[in-house]
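In case you want the letters, here they are:
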Amino acid sequence: SRVDYRALEEFVLAVSPYNFAVIGGNIPGVPAIVSNTVIQKPSPAAMYSNYLVYQILTEAGVPASVIQFVLGLPPEVVPQAISHTNFAALHFTGSTFIFKKLWKNVAANLDKYKGYPRIVGETGGKNFHVIHKSADVRSVVLRSIRGDFEYQGGHTVCMSCMQD
């Protein structure tokens with residue numbers, strides 16, 4: 001058995017969200033590992049944390065020219081990348097609203113591209129909380145709020161509400 005990786009012929013645009021710092025490594029790192037050139041566009045609210053992860057990837061051996069870390073406001077950077085003839089893929093994590101907008105922009109530019117771009121998007125990720133009726137309510141509330149605002153979001157289910 002063998003596996004051959006064939007890189008895309010043009011660049012991948014990697015767009016990461018404001019609320020999930022570690023994904024600043026996943027979003028650009030995965031396409032880079034399989035030999036793609038990547039333009040990494042972090043959220044303005046996560047530039048520093050994403051830059052630290054970018055530095056770690058570079059120190060780990062990813063050549064500096066493979067992942068190109070681009071700072072700027074999304075409305076200024078992203079449309080330029082998506083409208084470029086060398087755009088080959090979008091690797092995105094963020095809001096459903098923005099992802100739908102980007103998808104429409106990619107579709108509007110299909111005639112410009114050298115090939116059909118790949119689109120990978122994760123939107124609306126949530127942490128699911130299952131709460132037993134014996135749980136400390138104050139602790140559950142505090143941790144649910146942390147899940148909503150410090151991580152990807154949250155859904156809470158009360159186990160006593162699910163019983164017959």
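Residues numbered from 1 in each chain as written. Predicted model: local features only at pLDDT ≥ 70, side-chain atom pairs only at ≥ 80, totals over all residues. Heavy atoms only, no water.

Asker: Can you break down the sheet that holds strand β1 (residues 11-15) residue by residue, with the values?
Answerer: Taken in spatial order, the five strands line up as β3-β2-β1-β4-β5 in an open sheet, and their pairing is parallel. Two strands bound the open sheet, and with one partner strand each, they are β3 (67-69) and β5 (118-123). Averaged over all pairs of adjacent strands, the angle between their axes in this sheet comes to 15°, without regard to strand direction. Both β1 and strand β2 (residues 37-41) contribute to a ladder of five bridges, which runs parallel. (Pairing = 2+ DSSP bridges. Helix = DSSP H or I, 4+ residues; strand = E, 2+ residues; numbered from the N terminus. Axes fitted to C-alpha atoms, helices over the stretch in contact; angles between N-to-C directions.)

Asker: Outline helix α2 (residues 47-59), supporting the account with residue identities and numerical values.
Answerer: With 13 residues, α2 should reach 18 Å at 1.5 Å per residue; the first-to-last C-alpha distance of 18 Å fits that figure. Of the positions making up α2, those classed as buried are N50, V53, Y54 and L57. All buried residues of α2 lie within an arc of 105° about the axis, which places them on one face of the element. Those residues of α2 that are exposed and aimed more than 90 degrees away from the buried face are Y48, I56 and E59. Here the buried face of α2 lies against α1 (23-33), β2 and β3. (Expected span 1.5 Å × (residues − 1). Buried < 20%, exposed > 50% of the residue type's maximum accessible area, 1.4 Å probe, protein only. Arc of directions from axis to C-beta. Contact = heavy atoms within 4.5 Å.)

Asker: Tell me about unusual backbone geometry, residues and numbers included.
Answerer: Residue S35 is not a glycine yet carries a positive backbone phi of 75°. Considering the arrangement of structural elements, one finds S35 in the loop between α1 and β2. Its relative accessible area of 54% is what places S35 among the exposed residues.

Asker: Tell me about the packing of aromatic side chains, and please be specific about residues and values.
Answerer: Tallied over the entire structure, the rule returns seven aromatic pairs. Taken together, a centroid distance of 6.0 Å and an interplanar angle of 70° make the contact between F11 and F87 edge-to-face. With F11 in strand β1 and F87 in strand β4 (residues 87-94), this residue pair connects regions lying 76 residues apart in the sequence. Accessibility assignment for this pair places F11 and F87 in one class, buried. Arranged with centres 5.3 Å apart and planes meeting at 45°, the rings of F87 and Y113 form a pair that is tilted. With a gap of 26 residues between them, F87 in strand β4 and Y113 in the loop between α4 (96-108) and β5 connect regions that are remote in the sequence. Taken as a pair, F87 and Y113 share a single burial class, namely buried. In this structure an aromatic cluster arises from ring pairing among F11, F87 and Y113. (Phe/Tyr/Trp six-rings, centres within 6.5 Å; stacked < 30°, edge-to-face > 60°.)

Asker: Any chance you could break down the pairing of β4 for me, citing the residues and the numbers?
Answerer: Counting buried positions along β4 yields eight of eight residues, so the element is predominantly enclosed. Here five bridges tie β1 to β4, and the two strands are oriented parallel to one another. From the neighbouring strand, F11 faces β4, where its bridge partner is F87. Pairing of β4 with β5 involves six bridges; the strand directions are parallel. Along β5, the bridge assignment pairs F92 with G121.

Asker: Talk me through the pairing of β1; I want residue IDs and the actual numbers.
Answerer: With five of its five residues buried, β1 lies for the most part within the structure. Handedness of the crossover is the feature at issue here: the chain leaves β1, passes through α1, returns alongside β2, and the resulting connection is right-handed. (Right-handed = clockwise from strand over helix to strand, strands pointing away.)

Asker: Lay out the packing of α1 against α2 in plain terms, naming residues and giving numbers.
Answerer: Two numbers describe how α1 lies on α2: the axes approach to 8 Å, and their chain directions differ by 50°. Classified by the angle their axes make, α1 and α2 are oblique. In the packing of α1 onto α2, the handedness of the crossing is right-handed. Contacts from G24, G25 and G29 in α1 reach N50, V53 and L57 in α2. Residues of the contact of α1 with α2, tallied by class, amount to two nonpolar, four polar and no charged. (Parallel < 35°, antiparallel > 145°, perpendicular 65-115°, else oblique. Left-handed = near helix turned anticlockwise from the far one by under 90°. Nonpolar A, V, L, I, M, F, W, Y, C, P; charged D, E, K, R; others polar.)

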